[in-house]
Amino acid sequence: MTIPGFDHRRVPVADGVTLHAAVGGSGSPIVLLHGFPQTHLMWRHVAADLAADHTVICPDLRGYGASDKPAETGPDVYSKRTMAADVVALAGALGHERFALAGHDRGALVAFRAGLDHPAAVTHLACLDVLPTLDMWDVMRGVTAAVGFHLYLMAQPPGLPEQLIGASPDAFFAHFLDLWTNDPAAIPAEVRAAYLDACRAAVPSIVADYRASAGIDVEHDRADLAAGNRLGMPVTVLQQDWGAALGYDAAEVWRAWAPDLRHDTVTCGHFMAEESPAEIARALRELVSR
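Residues numbered from 1 in each chain as written. Predicted model: local features only at pLDDT ≥ 70, side-chain atom pairs only at ≥ 80, totals over all residues. Heavy atoms only, no water.

Asker: What is the right way to look at the environment of Asp 105 in this model?
Answerer: Note on placement: Asp 105 falls in the loop between strand 5 (99-104) and helix 3 (106-117). In the structure, Asp 105 is positioned 166 residues away from Phe 271 in sequence and 9.0 Å away in space, judged by C-alpha atoms. For Asp 105, the contacting residues outside a window of four places in its chain are Gly 35, Phe 36, Leu 128, Val 130, Trp 180, Tyr 210 and His 270. (Helix = DSSP H or I, 4+ residues; strand = E, 2+ residues; numbered from the N terminus. Contact = heavy atoms within 4.5 Å.)

Asker: Is there a simple way to explain helix 7 (residues 169-179) in this structure?
Answerer: Each α-helix winds once per 3.6 residues, and so residues spaced three or four apart point in a common direction. Turning to helix 7, its buried residues number three or more, namely Pro 169, Phe 172, Phe 173, Ala 174, Phe 176 and Leu 177. In this structure, the buried side of helix 7 is in contact with helix 5 (149-154), helix 6 (160-167), helix 8 (189-200) and helix 9 (203-213). (Buried < 20%, exposed > 50% of the residue type's maximum accessible area, 1.4 Å probe, protein only.)

Asker: Any chance you could explain the packing of helix 2 (residues 80-93) against helix 3 here in plain terms?
Answerer: If you want to describe how two helices pack, look at the angle between their axes and the distance between the axes. At their nearest, the axes of helix 2 and helix 3 sit 8 Å apart, and the two run at 80° to each other. Viewed along their axes, helix 2 and helix 3 adopt a mutual orientation that is roughly perpendicular. Across the interface between the two elements, Lys 80, Arg 81, Met 83, Ala 84 and Val 87 of helix 2 pack against Arg 106, Leu 109, Val 110, Arg 113, Ala 114 and Asp 117 of helix 3. When its residues are assigned to classes, the contact of helix 2 with helix 3 shows six nonpolar, no polar and five charged. (Axes fitted to C-alpha atoms, helices over the stretch in contact; angles between N-to-C directions. Parallel < 35°, antiparallel > 145°, perpendicular 65-115°, else oblique. Nonpolar A, V, L, I, M, F, W, Y, C, P; charged D, E, K, R; others polar.)

Asker: Is there a simple way to think about the sheet that holds strand 7 (residues 235-239) in this case?
Answerer: Strands belonging to one sheet form pairs held by backbone hydrogen bonds; the direction of such a pair is parallel or antiparallel. Strand order in the open sheet made by the eight strands is 1-2-4-3-5-6-7-8, with mixed pairing throughout. The open sheet has two edge strands with one neighbour each: strand 1 (7-14) and strand 8 (261-265). Each adjacent strand pair in this sheet contributes to an overall mean axis angle of 20°, direction not counted. With five bridges connecting them, strand 2 (residues 17-25) and strand 4 (residues 54-59) associate as antiparallel partners. Paired with Gly 25 across the two strands is Thr 55, which belongs to strand 4. Helix 3 contacts strand 3 (28-33), strand 5 and strand 6 (122-128) of the sheet and is inclined by roughly 145° relative to strand 5. Sitting on the sheet, helix 14 (residues 277-288) touches strand 3, strand 4, strand 5, strand 6, strand 7 and strand 8, and the angle it makes with strand 6 is about 150°. (Pairing = 2+ DSSP bridges.)

Asker: Explanation requested: the pairing of strand 5 in the structure shown.
Answerer: Walk down a regular strand and you will see the side chains alternate between the two sheet faces. Burial analysis of strand 5 places six of its six residues in the buried class, which makes it a mostly covered element. Both faces of strand 5 are covered, namely the face carrying Phe 99, Leu 101 and Gly 103 and the face carrying Ala 100, Ala 102 and His 104. As paired elements, strand 3 and strand 5 share four bridges and run parallel to each other. Bridge pairing in strand 5 places Val 31 opposite Leu 101. Where the polypeptide runs from strand 5 across helix 3 and back to strand 6, its parallel neighbour, the crossover connection is right-handed. (Right-handed = clockwise from strand over helix to strand, strands pointing away.)

Asker: Is there a simple way to explain the side chain of His 104 in this structure?
Answerer: As for its position among the elements, His 104 is in strand 5. His 104 gets classed as buried once you look at its relative accessible area, which sits at 0%. When residues no more than four places from it in sequence are discounted, the contact partners of His 104 are Leu 33, His 34, Gly 35, Gln 38, Met 42, Trp 43, Leu 128, His 270, Phe 271 and Met 272.

Asker: How should I be thinking about the packing of aromatic side chains in this particular structure?
Answerer: Two aromatic rings are characterised by how far apart their centres lie and by the angle between their planes. For the coordinates displayed, the defined rule picks out 13 aromatic pairs. Centre to centre, the rings of Phe 172 and Phe 173 are 5.2 Å apart; their planes meet at 80°, and the pair counts as edge-to-face. Note on Phe 173: relative accessible area 1%, which makes it buried. Taken together, the ring pairs connect Phe 36, Phe 149, Phe 172, Phe 173, Phe 176, Trp 180, Tyr 210 and Phe 271 into an aromatic cluster. Residue placement shows Arg 106 over the ring face of Tyr 210; its charged tip is 3.7 Å from the ring centre. (Phe/Tyr/Trp six-rings, centres within 6.5 Å; stacked < 30°, edge-to-face > 60°. Lys NZ or Arg CZ within 6 Å of the ring centre and 35° of its normal.)

Asker: In this structure, what is going on with the pattern of salt bridges? I would like to understand it.
Answerer: All chains considered together, the criterion is met by 21 salt bridges. The residue Arg 106 makes a salt bridge to Asp 209 at a minimum N-O spacing of 3.2 Å. In this pair, Arg 106 is assigned in helix 3 and Asp 209 in helix 9, connecting sequence segments 103 residues apart. Residue class for Arg 106 comes out buried when judged on its relative accessible area of 4%. In this structure, Arg 211 and Glu 162 form a salt bridge, with 2.9 Å as the shortest nitrogen-oxygen distance. (Salt bridge = Lys/Arg side-chain N within 4 Å of Asp/Glu carboxyl O.)

So this is what it looks like as structure tokens:
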């Protein structure tokens with residue numbers, strides 16, 4: 001499946017790694033990064049809207065969709081630092097040294113890292129329905145942490161998570177598509193099938209992405225926090241009311257990283273770019289106008 005009116009390209013971004021990206025529109029560039037368990041297709045409505053006045057770039061992240069899936073030979077292969085460097089290289093190869101960046105879920109963690117590591121490239125930053133990795137682990141406590149059971153499963157050493165998930169991948173990935181969607185019609189059958197097909201073919205790399213978030217990504221966040229590194233660009237964060245559910249102040253958590261912050265709570269489900277695309281497109285347009 002494709003985003004109507006968009007070109008599809010394969011762009012080398014690192015040694016032995018090529019990303020697949022959908023590119024459309026014209027104007028100032030915006031890069032949109034997908035989450036789990038999805039591909040760039042999750043941005044289909046928002047991307048088409050933004051393409052009226054922006055060049056919109058929607059890649060499949062390293063390890064996902066039609067992008068390359070290198071073997072996990074060390075913790076850095078799927079660190080968010082490495083994945084963020086992929087995104088910056090992709091934009092540069094397409095002629096954009098500076099760009100606005102928005103990410104959802106896993107893509108938001110990559111976007112967050114890109115904002116910290118590449119402040120000269122990322123002009124505006126939006127993160128949808130996540131906390132920074134270090135803070136995510138800090139708020140997951142007690143029985144409420146059961147909502148994130150997959151984080152703990154995929155944090156385990158190589159072998160068992162891949163075996164368990166690989167034994168019934170459709171049941172595993174469909175669980176999240178069902179549980180996190182307020183409006184099932186927002187992910188029609190053909191899109192759902194495309195997501196499941198993509199995830200079924202990427203179990204080791206998806207697990208490696210999550211495993212990095214229980215190790216090296218935490219180390220990178222902790223080092224930045226200790227060094228006083230912050231996001232200097234305008235930042236918009238849109239989230240469900242996870243703070244009320246898990247007992248923390250989400251805006252306060254984000255403000256520690258982003259002095260120029262707009263934080264809003266949404267009423268749609270986790271897959272907000274598909275459930276409320278007009279709202280998300282408006283928020284991104286407001287962000288790039290700041």
